[in-house]
Amino acid sequence: MPVPSAEAQLPEFEELFHAHFGRIYRYLDRLTGEPELAADLAQETFIRLYRRGALPDAPGAWLISVAMNLLRNAKSTERRRRRLLTPARGEHIHSDPPPSPDEANEQAGAEERGRVRRALDRMPERERGMLLLRAEGFSYRDIATALEVNEASVGVLLARAKRAFRELYEDNLDAH
Amino acid sequence: MHIDEEQVQRLLHGELPPADEAGIRRHLAECGECEGLVARARHDESEVYALLRRVDHPAPKVAVETMRRRPTPWLRWAATIVLALSVAGAAYAIPGSPLKRWVHKVTHREPALPVVPDSALAGIAVPPGLDLAVLFTRPEAIGRIEVLLTDGAEVEVRAVTGAGVFSAGTDRLVVGPRDSAATFEIRIPRAAPRVQILLGNTRVFMKEGSSLVTEPAGRCRSEGMERYICS
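Remember, predicted model here, so these are calculated numbers, not experimental data. (Residues numbered from 1 in each chain as written. Chains lettered and ligands numbered in written order. Predicted model: local features only at pLDDT ≥ 70, side-chain atom pairs only at ≥ 80, totals over all residues. Heavy atoms only, no water.)

## Regarding the environment of glycine 152 of chain B
Here is step 1: Topologically, glycine 152 of chain B is positioned in the loop between β3 (142–150) and β4 (155–161).
Here is step 2: With 35 residues separating them in the primary sequence, glycine 152 of chain B and arginine 187 of chain B have C-alpha atoms 8.2 Å apart. (Helix = DSSP H or I, 4+ residues; strand = E, 2+ residues; numbered from the N terminus.)

Written out as structure tokens, the structure is:
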């Protein structure tokens, strides 16, 4: 049976792109805290889908799995970028004036973001994946397939993941 | 019989078979305890999702056409490169070819002077990756090191006074002070999974997740919130 070409499947591809691009990007962004990397990997995920020609039977699970594999590859082969610094910033740090109210709000917001980031970073990989995928509205079946867990227990695992995140986040509050 | 955690979650997420959902909704209408359980779970979830939104960055605007216009797979690229090289080779081989003169001119150009003189460089920044070691090769020449935790994305090492020689490998930053008693500042992203600071063979500071280790005692001391001085 001939495989339909990418062009023939274009309307379905576009539909999937509009439905899932934002979710895959946000998932990767929350997972890594690196928006540029998340954007690159989300695009690469859809390029692979386009080049695949035929659409997968379970597109959600396929997209998550490809995005996760791309992220693993990116992390394991990450070549450090070097950026040389000039003295100006160092001098600034030691002579900054006290923060204005707006700056104080911004600082509080940054601290809050830092606490959420740290809680996510400290979660076990599977629980974090589960929490972030469900937050993007992926179905239990997609989550179970992508994370290789039993679909019948996704609800319980998800409840556990939410509790773990809350506890780690509140630990960070106590630490300050 | 009360509903279990799996059923609570599935009810919240519309993942129950219709027949089961109808039964559970009938039960909730009669059981305040289970109804409270579902309400709490819904409330907790909305709080967790609100916290997750705090770390979001705006999604890039990507048109679907971009996916189709992206470069073709490597085989097509390779074929294009081979073809281009063949054409260029043929043009170069023609006697009196202007391409030959152009190639000679380009390859014999005087080297350009560096844009930024080396002495103006005060530091280096790299993404922390999964594990990064910042290694000072001549600990005896270090005046002090100030360590700060930041919301930045990169580990930054900067000579505050004096000068240093910086280089970056795959999992380490190597810093060699040029002057004696040079002082350095190291800015570590709070989100970095693991960053260590080594003075020669001795690890004096480690950030792993949210925990900070400053052993052996006496080498680094806390100076206010998320600021350490090592020497």
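## A closer look at the nonpolar core
Here is step 1: Of all hydrophobic cores here, the largest spans 59 residues; its most connected members are Ile24, Leu28, Phe46, Leu120, Leu131 and Phe165 of chain A together with Leu52 of chain B.
Here is step 2: Per-element accounting of this core gives the leading share, 10 residues, to helix α1 (residues 10–32) of chain A.
Here is step 3: In this structure, leucine 52 of chain B is in contact with Arg30, Val116, Leu120, Leu131, Leu132, Ala135 and Phe165 of chain A, ignoring residues within four places of it in sequence.
Here is step 4: One finds Val134, Val147, Ala159 and Cys230 of chain B within the second-largest nonpolar core, a separate group that totals 28 residues. (Core = buried A, V, L, I, M, F, W, Y, C linked by side-chain atoms within 4.5 Å. Buried < 20%, exposed > 50% of the residue type's maximum accessible area, 1.4 Å probe, protein only. Contact = heavy atoms within 4.5 Å.)

## Some details on the interface of chain B and chain A
Here is step 1: Each partner contributes to the interface: chain B provides 63 residues, whereas chain A provides 64 residues.
Here is step 2: Taken together, the two surfaces of chain B and chain A that pack against each other cover about 5700 Å², and 58% of this comes from carbon and sulfur.
Here is step 3: Run the count over chain B and chain A and you get 5 salt bridges.
Here is step 4: When the shortest N-O distance is used, the salt bridge between arginine 54 of chain B and glutamate 112 of chain A registers 2.5 Å.
Here is step 5: At the level of secondary structure, the elements contributing two or more residues to the side of chain B that touches chain A comprise α1 (5–12), α3 (32–53), α4 (64–69), β1 (123–126), β4, β5 (164–168) and β7 (182–189) of chain B.
Here is step 6: With 8 residues, α3 of chain B is the single largest residue contributor to the side of chain B that touches chain A.
Here is step 7: Tallied by class, the residues present in the side of chain B that touches chain A amount to 28 nonpolar, 11 polar and 24 charged. (Buried area = accessible area lost by both parts, 1.4 Å probe. Salt bridge = Lys/Arg side-chain N within 4 Å of Asp/Glu carboxyl O. Nonpolar A, V, L, I, M, F, W, Y, C, P; charged D, E, K, R; others polar.)

## Some details on the packing of aromatic side chains
Here is step 1: Applying the stated criterion across every chain, the model contains 7 aromatic pairs over all chains.
Here is step 2: Here the aromatic rings of phenylalanine 165 of chain A and tyrosine 169 of chain A are separated by 6.3 Å at their centres, their planes lie at 20°, and the arrangement is stacked. Here the residue phenylalanine 165 of chain A and the residue tyrosine 169 of chain A both occupy positions in helix α8 (residues 154–175), the gap between them amounting to 4 residues, near one helical turn. Each of the two residues, phenylalanine 165 of chain A as well as tyrosine 169 of chain A, counts as buried.
Here is step 3: For the pair phenylalanine 136 of chain B and phenylalanine 184 of chain B, a centre-to-centre distance of 5.2 Å together with 65° between the ring planes defines the contact as edge-to-face. Of this pair, phenylalanine 136 of chain B sits in strand β2 (residues 132–136) while phenylalanine 184 of chain B sits in strand β7, and the two are 48 residues apart along the sequence. Each member of the pair, phenylalanine 136 of chain B together with phenylalanine 184 of chain B, is buried.
Here is step 4: What links up through ring pairs into an aromatic cluster is the set Phe17, Phe21 and Phe46 of chain A.
Here is step 5: One cation-aromatic arrangement involves arginine 23 of chain A over phenylalanine 138 of chain A; the distance from NZ or CZ to the ring centre is 4.2 Å. (Phe/Tyr/Trp six-rings, centres within 6.5 Å; stacked < 30°, edge-to-face > 60°. Lys NZ or Arg CZ within 6 Å of the ring centre and 35° of its normal.)

## Structural notes on the pairing of β2 of chain B
Residues and elements named next belong to chain B.
Here is step 1: Counting buried residues in β2 gives 5 out of 5 residues, a clear majority hidden from the surface.
Here is step 2: Of the two faces of β2, the one holding Leu132, Val134 and Phe136 and the one holding Ala133 and Leu135 are both buried throughout.
Here is step 3: Bridging between β2 and strand β8 (residues 194–199) involves 5 bridges; their strand directions are parallel. Bridging across to β8, alanine 133 finds its partner in glutamine 196.
Here is step 4: Sheet topology places β2 next to strand β6 (residues 172–177); 4 bridges connect them, and they run parallel. Bridged to valine 134 within β6 is leucine 173. (Pairing = 2+ DSSP bridges.)

## Observations regarding the pairing of β8 of chain B
All names here are of chain B.
Here is step 1: Counting buried positions along β8 gives 5 out of 6 residues, so the element sits mostly inside the fold.
Here is step 2: In this structure, β8 lies alongside strand β9 (residues 202–208), joined through 6 bridges in antiparallel fashion. Within β9, the position partnered with glutamine 196 by the bridge is methionine 206.
Here is step 3: The turn joining β8 and β9, which pair antiparallel and follow one another in sequence, is formed by 2 residues; a positive phi near 60° is taken by glycine 200.

## What about the sheet that holds β2 of chain B?
All names here are of chain B.
Here is step 1: Taken together, the 6 strands give an open sheet; going across it, the order is β5-β6-β2-β8-β9-β10, and neighbouring strands pair in mixed fashion. Looking along the sheet, the strands with just one partner apiece sit at the ends: β5 and β10 (211–213). The sheet shows a mean angle of 15° between the axes of neighbouring strands, taken without regard to direction. (Axes fitted to C-alpha atoms, helices over the stretch in contact; angles between N-to-C directions.)

## So, the confidence of the model for chain B
Residue and element names in this part refer to chain B.
Here is step 1: Of all residues in chain B, 81% have pLDDT values of 70 or greater, and the mean over the chain is 80.
Here is step 2: Least confident of the elements in chain B is helix α6 (residues 98–107), whose mean pLDDT is 62; most confident is α1, at 97.
Here is step 3: Contacts for the low-pLDDT stretch residues 109–120, under 50 throughout, to residues beyond four places or in other chains number 5 contacts. (pLDDT = per-residue confidence, 0-100.)

## Focus: unusual backbone geometry
Glycine aside, residues mostly have negative phi angles, and peptide bonds mostly take the trans form.
Here is step 1: Positive phi outside glycine occurs at glutamate 148 of chain A, with the angle close to 55°.
Here is step 2: You can see glutamate 148 of chain A is positioned in the loop between α7 (140–147) and α8.

## Topic: the state of the cysteines
All names here are of chain B.
Here is step 1: For the structure shown, the criterion picks out 1 disulfide over all chains.
Here is step 2: Across the disulfide, cysteine 220 is cross-linked to cysteine 230 (sulfur-sulfur distance 2.0 Å). Across the S-S bond linking cysteine 220 and cysteine 230, the dihedral sits near 110°, which makes this disulfide right-handed. Of the two residues, cysteine 220 sits in strand β11 (residues 220–222) while cysteine 230 sits in strand β12 (residues 227–230), which places them 10 residues apart along the sequence.
Here is step 3: The class of cysteine 230 is buried, set by a relative accessible area of 0%.
Here is step 4: Not part of a disulfide, cysteine 31 finds its nearest cysteine sulfur in cysteine 34, a span of 3.6 Å. (Disulfide = S-S within 2.5 Å.)

## Description of the environment of glutamine 196 of chain B
Residue and element names in this part refer to chain B.
Here is step 1: By secondary structure assignment, the location of glutamine 196 is in strand β8.
Here is step 2: Looking at glutamine 196, the relative accessible area reads 12%, which means it is buried.
Here is step 3: Separated by 61 residues in sequence, glutamine 196 and leucine 135 have C-alpha atoms that sit 8.3 Å apart.
Here is step 4: If sequence neighbours within four positions are ignored, glutamine 196 has contacts with Asp131, Leu132, Ala133, Val134, Arg203, Phe205 and Met206.

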